[in-house]
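Reading the structure
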Amino acid sequence: DSGVTQTPKHLITATGQRVTLRCSPRSGDLSVYWYQQSLDQGLQFLIQYYNGEERAKGNILERFSAQQFPDLHSELNLSSLELGDSALYFCASSVENSPLHFGNGTRLTVT
Amino acid sequence: DAKTTQPPSMDCAEGRAANLPCNHSTISGNEYVYWYRQIHSQGPQYIIHGLKNNETNEMASLIITEDRKSSTLILPHATLRDTAVYYCIVRPWGGNNRLAFGKGNQVVVIP
């Protein structure tokens, strides 16, 4: 158990809809990272937050947004969903310069 | 980020040591070598990391060549539960702490 909790485990929704994925980092970790893993793209970095502030952005679409709250949990919001957004979404957390620890992901299926 | 090269796949015999190679010929002086593995769509699991000295923990050993252009992850007694995709990643100390995953090495432990 990595200590990183992601909910829900599975999500099935229709095209055009909006969903929110939630991540609770390990106790004491200030950084949260979001990754997307689809079959043809591998693990792609989306965005990083550190203590509530956005720190780095990767290949995140404009339809996607994230935030980190004062209690350090994070949410990834995906809107105007398309079939191609179907993927596993992983959250990871770390303290500065330490290894990232990943949750077990949310599997999103867009129909 | 410096890139790494791994074989796309390899088989290992159960109970024997598994030696997983990785080339990182363009690694910079402040970049660490990290190893993660992903078991069947679970979240990536941190294994070990190192800068230039060999490292060992309860999961594995990491051998880094003197010129730091390559490394080997050693699983001392491979079990069927070690079947996974193994990722070798170089990551700078400080700055942006995100991990850039490549395609990894699909390791299958055979009974």
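Residues numbered from 1 in each chain as written. Chains lettered and ligands numbered in written order. Predicted model: local features only at pLDDT ≥ 70, side-chain atom pairs only at ≥ 80, totals over all residues. Heavy atoms only, no water.

What follows concerns the overall build of chain A. Broken down by element type, chain A carries zero helices and eleven strands. For chain A, the α and β elements follow one another from N to C terminus as β-β-β-β-β-β-β-β-β-β-β. Rg of the C-alpha trace for chain A: 13 Å, near the compact-globule value of 13 Å for 111 residues, within the 12% margin. Considering only C-alpha atoms, chain A reaches an extent of 35 × 25 × 25 Å along its principal axes. (Helix = DSSP H or I, 4+ residues; strand = E, 2+ residues; numbered from the N terminus. Rg over C-alpha atoms; globule rule 2.2 N^0.38 Å.)

Sizing a probe to match a water molecule and rolling it over the atoms shows the empty space that remains. Considering only enclosed or pocket space, the largest pocket measures out at about 680 Å³ in volume. In terms of lining residues, the largest pocket is bounded by 28 residues, among which Gln37(A), Ser38(A), Leu39(A), Gly42(A) and Tyr87(B) are the most central. Within the residue set of the lining of the largest pocket, elements represented by two or more residues are β4 (31-38), β5 (42-50), β9 (87-94) and β11 (106-110) of chain A together with β8 (84-92) and β9 (105-110) of chain B. Taken together, the residues that form the lining of the largest pocket break down as ten nonpolar, 15 polar and three charged. Looking at the second largest pocket, its volume works out to about 450 Å³. Residue composition of the lining of the second largest pocket, by class: six nonpolar, ten polar and three charged. (1 Å grid on protein atoms, 1.4 Å probe; cavity = no way out; pocket = protein on both sides within 12 Å on 5 of 7 lines; lining within 4 Å. Points joined across faces, edges and corners; volume = space filled by probe spheres on them. Nonpolar A, V, L, I, M, F, W, Y, C, P; charged D, E, K, R; others polar.)

Residue and element names in this part refer to chain B. Strands sit in the order β1-β9-β8-β3-β4 across an open sheet of five strands; the sheet is mixed. Strands at the two margins of the open sheet, each flanked by one partner only, are β1 (9-13) and β4 (45-50). Within the sheet, the average angular offset between the axes of one strand and its neighbour, ignoring direction, is 25°. Sheet topology note: the strand β3 (residues 31-38)/β8 ladder contains eight bridges and is antiparallel. Each residue of the ladder has a partner; that of Trp35, found in β8, is Cys88. (Pairing = 2+ DSSP bridges. Axes fitted to C-alpha atoms, helices over the stretch in contact; angles between N-to-C directions.)

With that settled, the discussion passes to the sheet that holds strand β1 (residues 5-7) of chain A. Residues and elements named next belong to chain A. In spatial order, the strands read β1-β3-β8-β7; together these four strands make up an open sheet with antiparallel pairing. Each end of this open sheet is capped by a strand with a single partner; those strands are β1 and β7 (64-68). Adjacent strand axes in the sheet meet at a mean angle of 15° when their direction is disregarded. Pairing of β1 with strand β3 (residues 19-24), which is carried by three bridges, proceeds in the antiparallel orientation. The residue bridging Thr5 from the neighbouring strand is Ser24, located in β3.

Scanning the entire structure with this criterion turns up two disulfides over all chains. Disulfide pairing is shown between Cys23(A) and Cys91(A); the S-S distance is 1.8 Å. Linking Cys23(A) and Cys91(A), the disulfide has an S-S dihedral of approximately -55° and is accordingly described as left-handed. On the criterion of sequence distance, the pair formed by Cys23(A) in strand β3 and Cys91(A) in strand β9 is long-range, its members being 68 residues apart. Covalent S-S linkage joins Cys22(B) and Cys88(B), the inter-sulfur distance amounting to 2.1 Å. Given an S-S torsion of about -85°, the disulfide between Cys22(B) and Cys88(B) has left-handed geometry. You can see Cys22(B) sitting in strand β2 (residues 18-23) and its partner Cys88(B) sitting in strand β8, a full 66 residues away along the chain. As far as burial versus exposure is concerned, Cys22(B) and Cys88(B) are alike and both buried. (Disulfide = S-S within 2.5 Å. Buried < 20%, exposed > 50% of the residue type's maximum accessible area, 1.4 Å probe, protein only.)

Okay, the nonpolar core next. Grouped together as the largest cluster of nonpolar side chains are 22 residues, with contacts concentrated most on Leu20(B), Val33(B), Trp35(B), Ile47(B), Leu73(B) and Tyr86(B). Of all elements in the fold, only β1, β2, β3, β4, β6 (61-64), β7 (70-75), β8 and β9 of chain B reach the threshold of two or more residues within this core. Take this core: its biggest share by element is four residues, from β8(B). Look past the residues within four positions of Leu20(B) in its chain and what remains in contact with it is Met10(B), Trp35(B), Ser71(B), Thr72(B), Leu73(B), Tyr86(B), Asn105(B) and Val107(B). Grouped together as the second largest cluster of nonpolar side chains are 21 residues, Leu11(A), Ile47(A), Tyr49(A) and Ile60(A) included. (Core = buried A, V, L, I, M, F, W, Y, C linked by side-chain atoms within 4.5 Å. Contact = heavy atoms within 4.5 Å.)

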